[in-house]
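# Observations on the three-dimensional arrangement
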Amino acid sequence: MFGKQPKDPKSSETPDIPEMMFPSQSPLEDTANQEIEMAEMTKIEEVEQPEVVKIVEKISGIVSPYFIVIVGLSLYDENFFLGLVLIVIGIFSLLKISWSDIFEFFLEVKNIFSSNDEL
């Protein structure tokens with residue numbers, strides 16, 4: 001009388017799961033579709049941006065490296081490694097040094113040392 005009502009018994013039927021259908025396209029059709037999608041993406045990127053957006057992007061590109069260096073300097077006392085990493089990243093960004101430039105520099109240094117071994 002005052003007890004809990006029994007819950008509805010769960011049905012033993014499994015719910016209907018829709019079958020997944022995979023396209024039966026050849027690889028050539030698949031690459032053609034990808035090329036069409038890439039062409040559409042480039043059209044979207046070519047849309048003229050408002051002048052305000054361009055100005056904000058330029059300002060952000062100038063200010064963000066300085067902000068990274070300032071944050072690195074403020075963290076330098078509390079967390080030496082993190083502060084040093086942020087300072088280095090900010091300086092590389094200010095000097096417009098990319099990862100490929102750093103990699104090429106190390107390859108040149110490696111070639112200098114390896115050429116001395118041959119003499």
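Use the structure listed above.
Predicted model only: the values in this text are computed from it and were never measured.

What follows covers helix α3 (residues 80-94). With 15 residues, α3 extends 21 Å from end C-alpha to end C-alpha; this agrees with the ideal 21 Å at 1.5 Å per step. G83, I87 and G90 are the residues of α3 that are buried. For α3, the angular spread of buried residues about the axis comes to 65 degrees, placing them on one side. Against the buried residues of α3 lie α2 (51-75). A positive phi of about 60 degrees marks K96, the residue just after α3.

Direction vectors running N to C along α2 and α3 enclose 160 degrees, while the axes themselves pass 7 Å from each other. Here α2 lies roughly antiparallel to α3, going by the angle between them. Read as a crossing pair, α2 and α3 show a hand that is left-handed. In this structure, α2 uses P65, Y66, I68, V69, V71, G72, L73 and L75 to contact α3, whose residues at the interface are F80, L82, G83, L86, I87, G90, I91, S93 and L94.

Turning to its location among the elements, P65 is positioned in helix α2. With 29 residues separating them along the chain, P65 and L94 place their C-alpha atoms 5.8 Å apart. In contact with P65, other than residues within four places in its own chain, are S60, G90, S93 and L94.

What counts, and where the lines are drawn
Residues numbered from 1 in each chain as written. Predicted model: local features only at pLDDT ≥ 70, side-chain atom pairs only at ≥ 80, totals over all residues. Heavy atoms only, no water. Helix = DSSP H or I, 4+ residues; strand = E, 2+ residues; numbered from the N terminus. Expected span 1.5 Å × (residues − 1). Buried < 20%, exposed > 50% of the residue type's maximum accessible area, 1.4 Å probe, protein only. Arc of directions from axis to C-beta. Contact = heavy atoms within 4.5 Å. Axes fitted to C-alpha atoms, helices over the stretch in contact; angles between N-to-C directions. Parallel < 35°, antiparallel > 145°, perpendicular 65-115°, else oblique. Left-handed = near helix turned anticlockwise from the far one by under 90°.

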